Amino acid sequence: MGVPSSGEFCVQRKVLADSALDELGRRRTHSTKPPLAQRVKDSLRCSVPGLKRAVLKWVPVLSWLPQYSIRENAVGDIVSGLSVGIMHLPQGMAYALLASLTPVFGLYTSLFPVMIYFIFGTSRHISIGTFAVVSIMVGSVTEKFGPDSNFLVGGNGTNGTAVVDIDARDAYRVQISCALTAVVGVLQILFGLVRFGFVVTYLSEPLVRGYTTAVAVQVLLSQLKYVVGVHTTRFTGPLSQVYTLIDLCSLLPKTNIATLVISIVALFVLILVKELNTYYRKKLPMSIPIELIVLIVATIISYFAKFRTHYGVDVVGAIPSGLKAPRVPDGNLFILVFPDAFAIVIVAYAISISISKTMALKHGYKVDSNQELVALGLSNVFGAFFQCYVVTASLSRSLVQESAGGKTQVAGVVSSIIVLITILKIGSLFAELPKAILATIVFVNLKGMFKQFNDIPLLWKSNKMDLMIWSVTWVATILLNLDIGLAVAVVFSMLTVIFRIQLPRYSILGHVPGTELYVDMDAYEEAKLIPGVTIFRSSATICYTNAEMYLEALQEKSGINIIEQLTEKKKLENKLKRQQEKEKKKAKKAAKKLQVDVNSEQNPSVKKKGKKHQTVLVSPTEVGPVYGGFDGQVNSAYQMEPEVSDACPADDDDSARENGGVKTEERHRTHSVILDLSTTSFVDTVTAKTLNNIFRDFGEIDVSVYIAGCQVCIVQQLKRAGIFSESILLNNLFVTVHDAVLHTLERQAQKNVSQVGTPLLKGPSSVFLIHS
């Protein structure tokens, strides 16, 4: 093959069937992988190098920490760790409210799991800890099993005189969250060990973005009560968000003006400074920690202005100093929270692995998806003993950790130290912090999720099916709640894949003049049909869901109606049979008359009447090819009407009716059909039977069928299916469509030449079949 400087190329080779390619390319007859028994034996073999590789794989910190460069990485890790630690404080306390827990448990969650991920994680840049989406999912579980109605004391709950035992309720919700965290962690570890990390591939990007946007709306609705200073009823189950919004609107006349003013001022300051951070991010050595500044200032003002006592502003309350002793989660609650754990496992992992892979791709290293599952699982299991709730990666903190110069998870250790100092010494100082401040911090951090509404016009222009997935996910999550909404979204997303496979685009391919290319004739004006050859292609894999439609589309696009043509052929055969029987009777009658004439000539006593006849003896074999053959002799003077041959049917005006937009006379010109299977990725039994039926049915109407463009695995599956004999496999499978077309045209040309030189009758008066 030559490659001139003009970009053109020229290839000269023989037409390659699949068997010829096997010989030319020397296809391997055995797998290059070692046998299964050998692989099992190797995996069970114990050696020092193998043990070392296993330890480094399961404990990644041992592979990079001994090689840690203090000169290159220490400064960046310390600066980013300080920045992330400062973010952990307000976000941890704010997101704990989303989980329906007291703020200190958000600080615990920002401490212990981070240390475990430092040891077992493979990402260098993500920040593990609290996150709004997972927090609201945990909150839905704690509120479902620990509602306020279960802790009413001191009166009759029906007339509103009872009050909620806050301490008992919060303590029980902590037990629920710890049990849930333990179950989620165990499931993540198990999924990681069985290499189940691929499950996240079933969550498409439109699904994840639609789901997180819906969660952002739920977070917004759950925090509005803190912004306006009212106490709403907690609803769970389907349509809970609708009921919450209605209840919130009914309570708006009771808005606490002081709380609303605090929220508006805090929102204004947070948004303004965050926008300045974004605008001057290249000039500032580090982002202004406005969230921490707002926390400190608001706490000081609230303490001296007596917001809680004078204005009725709801505050955080007492935050215990120090760390609590580890406690085993309540095993009796495991079964209770098990169904809800699955959705949290998938969502938490999907968020974490997507951020991890984005960071890894940007900085040129690899993230082990299965090890990430194990690392998250261990972080959650360990955290469950220290009253933490489910963790995942935070996009905002991860971006800060990466942009501030963080190179490794040492930054996470530094941030944990900041959180630890806060828990031990500073946490109790935030007792007078208004909850409205934490709610506004949550609102500001939801900005990125709310910007995902911009996906709607973009998906409308690019892919409406993805827009349907996004919209259905959003609506289902809002109306049916987080767990059922996620299930509906996954099912709908899978159904769209099935529908796309079941309803592919079928096309007839035409030849682009001057090339070996064959393209969709509906899409390219210059594509030309090959006379007598129909090239058919489906845009999707042929399987049991679309096999019947594939056959119907093939007949419709090619204009070849199998049933109609088989019926016509049967009628023609019956007609020929009747004519042959009629001619046979005539021939017998002629032979009988001939015998009478012979007898009369031998017996002069028989008196002849009329004109004399010249008699000629004709061999039955000379008549057989045309008249079906008979015993006896034929009188050449007896004139027989010529018979219509099956090989050369007579053209009839009535036979030129249309079928599928193609006339019958045009259909008779198609002598070959080529199936382009280049898009097929697998073959099931229904596909095999469908192809077998195509070969059989088209063969009965004298149309040859060829297959082109098959991958090696498809050819092997076809052979194992046994739908073709070995000769058909060798002669009907071609490497490319062009090879199949050239073979078809050459074969048809040879057939025409052979038919031109073949007489229909023996003897001097031979008649030849001529194709114009």
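Residues numbered from 1 in each chain as written. Predicted model: local features only at pLDDT ≥ 70, side-chain atom pairs only at ≥ 80, totals over all residues. Heavy atoms only, no water.

(A) Fine view of the packing of aromatic side chains. Inspection of every chain in the model, using the stated rule, returns 19 aromatic pairs. Relative to Phe196, the ring of Phe191 has its centre 5.0 Å away and its plane inclined at 40°; by these criteria the two rings are tilted. Judged by its relative accessible area of 29%, Phe196 is partly exposed. When the ring of Phe191 is compared with that of Phe342, the centres are 6.5 Å apart and the planes differ by 40°; the resulting orientation is tilted. A residue pair is termed long-range when its members are at least 10 positions apart, and Phe191 in helix H9 (residues 166-193) and Phe342 in helix H15 (residues 334-363) qualify at 151 residues. Judged by its relative accessible area of 19%, Phe191 is buried. Counting every residue linked through ring pairs, the aromatic cluster contains Phe191, Phe196, Phe338 and Phe342. (Phe/Tyr/Trp six-rings, centres within 6.5 Å; stacked < 30°, edge-to-face > 60°. Buried < 20%, exposed > 50% of the residue type's maximum accessible area, 1.4 Å probe, protein only. Helix = DSSP H or I, 4+ residues; strand = E, 2+ residues; numbered from the N terminus.)

(B) Quick peek at the sheet that holds strand S10 (residues 672-676). A sheet is described by the order of its strands in space; here six strands give the open sequence S6-S5-S7-S10-S11-S12, paired in mixed fashion. The sheet is open, and its two edges are formed by strand S6 (518-520) and strand S12 (733-734), each paired on a single side. Pairing analysis gives five bridges linking strand S7 (residues 533-538) to S10, with the strands arranged parallel. From the neighbouring strand, Thr534 faces S10, where its bridge partner is Val673. Here helix H28 (residues 685-700) sits on the sheet in contact with S10 and strand S11 (704-708), set at roughly 150° to S11. (Pairing = 2+ DSSP bridges. Contact = heavy atoms within 4.5 Å. Axes fitted to C-alpha atoms, helices over the stretch in contact; angles between N-to-C directions.)

(C) Quick peek at the environment of Val219. With respect to the helices, strands and loops of the structure, Val219 is situated in helix H10 (residues 205-228). Along the chain, Val219 and Ala439 lie 220 residues apart, while their C-alpha atoms are 9.5 Å from each other. Every residue in contact with Val219, bar those within four places of it in the chain, is listed here: Leu98, Ala132, Ile136, Val442 and Leu446.

(D) Representation of helix H24 (residues 547-558) within the structure. The end-to-end C-alpha separation of H24 is 17 Å, in line with the 16 Å expected for 12 residues at 1.5 Å each. Looking only at H24, the buried set comprises Ala547, Tyr550, Ala553, Leu554, Gln555 and Ser558. Remark: Gly559 follows H24 within two positions and exhibits a positive phi of approximately 75°. (Expected span 1.5 Å × (residues − 1).)

(E) Inspection of empty space enclosed by the protein at higher detail. Within the structure shown, the criterion is met by four cavities of 30 Å³ or more. Here the largest cavity defines a volume of roughly 50 Å³. In terms of lining residues, the largest cavity is bounded by Leu203, Leu207, Val208, Tyr211, Thr212, Val347, Ala350, Ile351 and Leu486. Among the elements of the structure, H10 and H15 are those that each provide at least two residues to the lining of the largest cavity. Looking at side-chain class alone, the lining of the largest cavity contains eight nonpolar, one polar and no charged residues. (1 Å grid on protein atoms, 1.4 Å probe; cavity = no way out; pocket = protein on both sides within 12 Å on 5 of 7 lines; lining within 4 Å. Points joined across faces, edges and corners; volume = space filled by probe spheres on them. Nonpolar A, V, L, I, M, F, W, Y, C, P; charged D, E, K, R; others polar.)

(F) Focus on the pattern of salt bridges. Applying the stated criterion to the full structure yields 15 salt bridges. Close ionic contact of Lys144 with Asp340 constitutes a salt bridge, the shortest N to O distance being 2.8 Å. Here the residue Lys144 occupies a position in helix H8 (residues 132-145), and Asp340 occupies one in helix H15, the gap between them amounting to 196 residues. Judged by its relative accessible area of 35%, Lys144 falls in the partly exposed class. Between Asp148 and Arg173 there is a salt bridge; the shortest N-O distance is 3.2 Å. Within this pair, whereas Asp148 is found in the loop between H8 and strand S2 (152-153), its partner Arg173 is found in helix H9, the two being separated by 25 residues in sequence. Asp148 sits in the partly exposed class, given a relative accessible area of 24%. Judged by relative accessible area, which is 3%, Arg173 ranks as buried. (Salt bridge = Lys/Arg side-chain N within 4 Å of Asp/Glu carboxyl O.)

(G) Structural context of the environment of Pro90. Tracing the chain through its elements places Pro90 in helix H5 (residues 70-98). On the basis of relative accessibility, which here comes to 0%, the residue Pro90 falls in the buried class. On a C-alpha basis, the gap between Pro90 and Leu107 in space is 8.9 Å, while along the polypeptide they are 17 residues apart.

(H) Just the packing of H10 against helix H22 (residues 464-480), in detail. Two numbers describe how H10 lies on H22: the axes approach to 8 Å, and their chain directions differ by 30°. In terms of orientation, H10 and H22 fall into the roughly parallel class. As H10 runs across H22, the sense of the crossing is right-handed. Counted together, Pro206, Leu207, Arg209, Gly210, Tyr211, Thr213, Ala214, Val217 and Gln218 of H10 and Asp466, Ile469, Trp470, Thr473, Trp474, Thr477 and Ile478 of H22 form the full contact between these two elements. Here the residues of the contact of H10 with H22 are counted per class, giving nine nonpolar, five polar and two charged. (Parallel < 35°, antiparallel > 145°, perpendicular 65-115°, else oblique. Left-handed = near helix turned anticlockwise from the far one by under 90°.)

(I) View of the side chain of Gln409. With respect to the helices and strands, Gln409 occurs in the loop between helix H17 (395-403) and helix H18 (410-426). Within the structure, Gln409 has its side chain in polar contact with the backbone oxygen of Ser123 (distance 3.1 Å). Apart from residues lying up to four places away in sequence, Gln409 is in contact with Trp64, Tyr117, Phe118, Ser123, Arg124, His125, Ile126 and Gln401. (Polar contact = N/O pair within 3.5 Å; in protein donor to acceptor, adjacent residues only side chain to side chain.)

(J) Highlighting the side chain of Gln241. Tracing the backbone through its elements, the reader meets Gln241 in helix H11 (residues 240-251). Overall, Gln241 belongs to the buried group, its relative accessible area being 12%. With residues near it in sequence (within four places) discarded, Gln241 still touches Gln218, Leu221 and Ile478.

(K) Spotlight on the pairing of strand S5 (residues 506-511). Most of S5 sits out of view: six of its six residues are buried. The pairing of S5 with S7 spans four bridges and is antiparallel. Within the sheet, the bridge partner assigned to Ile508 lies in S7 and is Phe536. The sheet contact formed by S5 and S6 spans three bridges and is antiparallel. By the bridge assignment, Gly510 is partnered in S6 with Val519. Counted between consecutive antiparallel strands, the loop separating S5 from S6 contains six residues, among which Gly514 sits at a positive phi close to 85°.

(L) Broad picture of the confidence of the model for the protein chain. On average, residues of the protein chain score 83 in pLDDT, and 85% of them reach the 70 mark or higher. The weakest mean pLDDT in the protein chain belongs to helix H26 (residues 620-627) at 37; the strongest belongs to helix H7 (residues 112-120) at 96. Scored below 50 in pLDDT, residues 606-668 shows 80 contacts in the model against residues more than four places distant or in partner chains. The model gives residues 758-772 a pLDDT under 50, and that stretch makes 19 contacts with residues more than four places away or in other chains. (pLDDT = per-residue confidence, 0-100.)

(M) Broad picture of H11. Counted at 1.5 Å a residue, the expected span for H11 with its 12 residues is 16 Å, and the 16 Å between its end C-alpha atoms agrees. Turning to H11, its buried residues are Ser240, Gln241, Thr244, Asp247, Leu248 and Leu251. Down the axis of H11, the buried set is contained in an arc of 125°. They therefore lie on one face. (Arc of directions from axis to C-beta.)

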